[in-house]
Amino acid sequence: MAQIDAIVGWKDLPFGCHVYEPGSTAKFRTGDWRSQRPVLDKEKCIRCGMCWVFCPDMCYSQTEEGYFEANMEYCKGCGICAHECPKDAITMVPEED
Amino acid sequence: MGKRVGIEVSIAIAEAVKLARAEVIAAYPITPQTHIVEHLSEIIANGELDAEFITVESEHAAMSCCCGSSAAGARTYTATSSQGLALMSEILYHPGPMRLPIVMTVANRALAAPISIWNDHQDIMAQRDIGWIQTFAENGQEAVDLTLHAFRVAEDRKVSLPVIVNIDGFTLSHVIEPIVIPDQEEVDAYLPAFKPRVRLDVKKPVTMGPVGIPEVYTEAKMAHNEAIKASKRVILQGWKEFAEIFGREYNPVETYRSEDAEVLLVTMGSISETAMTAVDAMRDKGTSVGLVRIRLWRPFPGPEFRKAAGKASVLAVIDRCLPPGAVCGPVGAELRSIFYKMPGAPKIFSFVAGLGGRDVTVELFEEIVDKARAYAKKRPTELYEVIGVRER
């Protein structure tokens, strides 16, 4: 299970369960929900960035070479990037393998 | 000292919301609540109240807007009824745990099917556990006074919870009554400006309504439950100060000729006034009967109710709600729970009456009392009885 700092008693929960720290969702690493991972074939990739645009978790970022890479600490393995890739350069591979 | 006028109760409630200086009203018209928000929109259009009136496409949107405006720190009001309240249902569960002090009038009305625009309590009983503070008004004056009290309690920083004031549809909403409309200075003295503990502010970002994972959800529910239980102290204080400023006293539970009564009727809402007439009529005939009226429904005032019921040996509880397949009406179930295995507990008999606008008359109360007295001697086979229903 993802590690979070919210494991407190009810008396210590923030008022209204509000979150006062902006961007703190980044601390909530959701990558362990994944059963499949996206694998990129750089031969086919044209670096268009469609995977980066469509990723619902915004876990893609551009490398210095211009390719787009998914951050496995947040990727939930939904496969939207593979589905949207116009060159079929992304394959979803089961995590067991 | 306020001014006593003959006024439709819905219009008087709108005037109370104006006197409370509400800042945002998001509402959708639905019978029998429509006159309240209709009049508020006129008040705002005429420049008599500096507020934003948001015309929305549904009650779901109305309550969503209310959550947003309350979170932004605005004094927020809405009103609804029946099917509209049901359509709001998904959003109704949000402002409680999120501690957003919205005030809403519910003009109680039956739920379809069959379609009915008339009065009973089935709409609010379907929403009784949404985690709002809830009161029931007996008459127009109470509807006005409880509205002012609602803002005061909701926005108290120790409470910070949404409040519903229930008024019986048509029976109250569309009736012209003599009502004291308080002066603005009195209301201002009673109701300070809304100073939220937290509000949406770009300079100090806050996330409201995040995900509650299994490690947090139970604790969040517990915190909300404790807040609503603790609100009773502020509710009582709010009524005490109301009496000091406006001279009208309110309690969570009220009694009428209950001392030494053998049988006590238990009612909620406007039928309480008919019940008082019925008690007088039965007392004249020598029947030992009194009345207990529940004004505060959530948090349920258990100790106050037990005290009000006193030494009566029989309680005849009237529910204006028939929950199909349940053991009895919701008020009856609540009272059976608070007296369960208490030494000297009264015998409690549950009756369902006044559904979908059916009048609850003096004669019907007499029938209920007669039945309760008979059941005290010979236990009934059913846990509740529908009164006034035609068999053929």
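Rules and cut-offs
Residues take numbers from 1 onward in each chain, read along the sequence in its written order. Starting at A for chains and at 1 for ligands, labels are handed out in the order in which the entities are written. Where local features are concerned, this predicted model is filtered to residues with pLDDT of at least 70; where side-chain atom pairs are given and counted, the filter is 80 or more; whole-chain, interface and lining totals use all residues. Side-chain calculation: all heavy atoms of the structure are included, whereas hydrogens and water are not. Secondary structure follows DSSP: runs of H or I at least 4 residues long count as helices, runs of E at least 2 residues long count as strands, and numbering of each begins at the N terminus. The set of buried Ala, Val, Leu, Ile, Met, Phe, Trp, Tyr and Cys residues whose side-chain atoms join them within 4.5 Å is what this entry labels a nonpolar core. We call a residue buried when its accessible area falls under 20% of the maximum for its residue type, exposed when it is over 50%, and partly exposed in between, using a 1.4 Å probe and counting protein chains only. Here, two residues are considered to be in contact whenever any of their heavy atoms come within 4.5 Å of each other. Strand pairing requires that DSSP identify at least two bridges connecting the strands. Call a crossover right-handed when, viewed with both strands pointing away from you, the route from the first strand across the helix to the second goes clockwise. Axis definition: a line fitted to C-alpha atoms, limited for helices to the stretch in contact. Angles are taken between N-to-C directions and run from 0 to 180 degrees.

### Some details on unusual backbone geometry
Residue and element names in this part refer to chain B.
Then, in step 1: Here Ala 113 and Pro 114 are connected by a cis peptide whose omega angle stands at -5°.
Then, in step 2: Among the structural elements, Pro 114 can be located in the loop between β5 (103–108) and α5 (122–125).
Then, in step 3: Geometrically, the link from Arg 298 to Pro 299 is a cis peptide bond, its omega value of -5° lying close to zero.
Then, in step 4: Position of Pro 299 among the secondary structure elements: in the loop between β12 (296–298) and α10 (302–309).

### Some remarks on the nonpolar core
Then, in step 1: Ranked by internal contacts, the top residues of the largest apolar core, which has 53 residues, are B:Ile25, B:Leu40, B:Tyr77, B:Ile133 and B:Ile167.
Then, in step 2: The contacts of B:Ile167, once residues within four sequence positions are left out, are B:Ile13, B:Thr105, B:Val106, B:Ala107, B:Asn108, B:Ala137, B:Ala143, B:Leu172 and B:Ser173.
Then, in step 3: Counting residues in each nonpolar core, the second largest holds 48 residues, with A:Phe15, B:Ala26, B:Ile124 and B:Phe136 among its members.

### Observations concerning the pairing of strand β14 (residues 347–352) of chain B
Residues and elements named next belong to chain B.
Then, in step 1: Where burial is concerned, most of β14 is hidden: 5 out of the 6 residues are buried.
Then, in step 2: Inspection of the sheet shows strand β13 (residues 314–319) paired to β14 by 6 bridges, in the parallel sense. Paired with Leu 315 across the two strands is Ile 348, which belongs to β14.
Then, in step 3: For the handedness criterion, the β-α-β arrangement of β13, helix α11 (residues 330–339) and β14 is classed as right-handed.
Then, in step 4: Sheet topology note: the β14/strand β15 (residues 384–386) ladder contains 3 bridges and is parallel. Residue pairing for β15: Phe 351 is matched across the bridge by Glu 385.
Then, in step 5: Between the parallel pair β14 and β15, the chain is carried across by helix α12 (residues 362–377), and the sense of this crossover is left-handed.

### Section: the sheet that holds strand β11 (residues 289–294) of chain B
Residues and elements named next belong to chain B.
Then, in step 1: Reading across the sheet, the 6 strands line up as β9-β11-β10-β13-β14-β15 and stay open at both edges, with mixed pairing between neighbours. What marks the edges here is a single partner per strand, and that holds for β9 (253–256) and β15. Shown here is a sheet whose adjacent strand axes are inclined to one another by a mean of 25°, direction ignored.
Then, in step 2: Judged from the 4 bridges that link them, β9 and β11 form a sheet pairing that is antiparallel. Bridging across to β11, Tyr 256 finds its partner in Leu 291.
Then, in step 3: In this fold α10 packs onto β9, β10 (263–267), β11 and β13, with an angle of close to 10° to the strand it touches most, β9.
Then, in step 4: α12 rests against β10, β11, β13, β14 and β15 of the sheet, and its axis sits at about 145° to β14.

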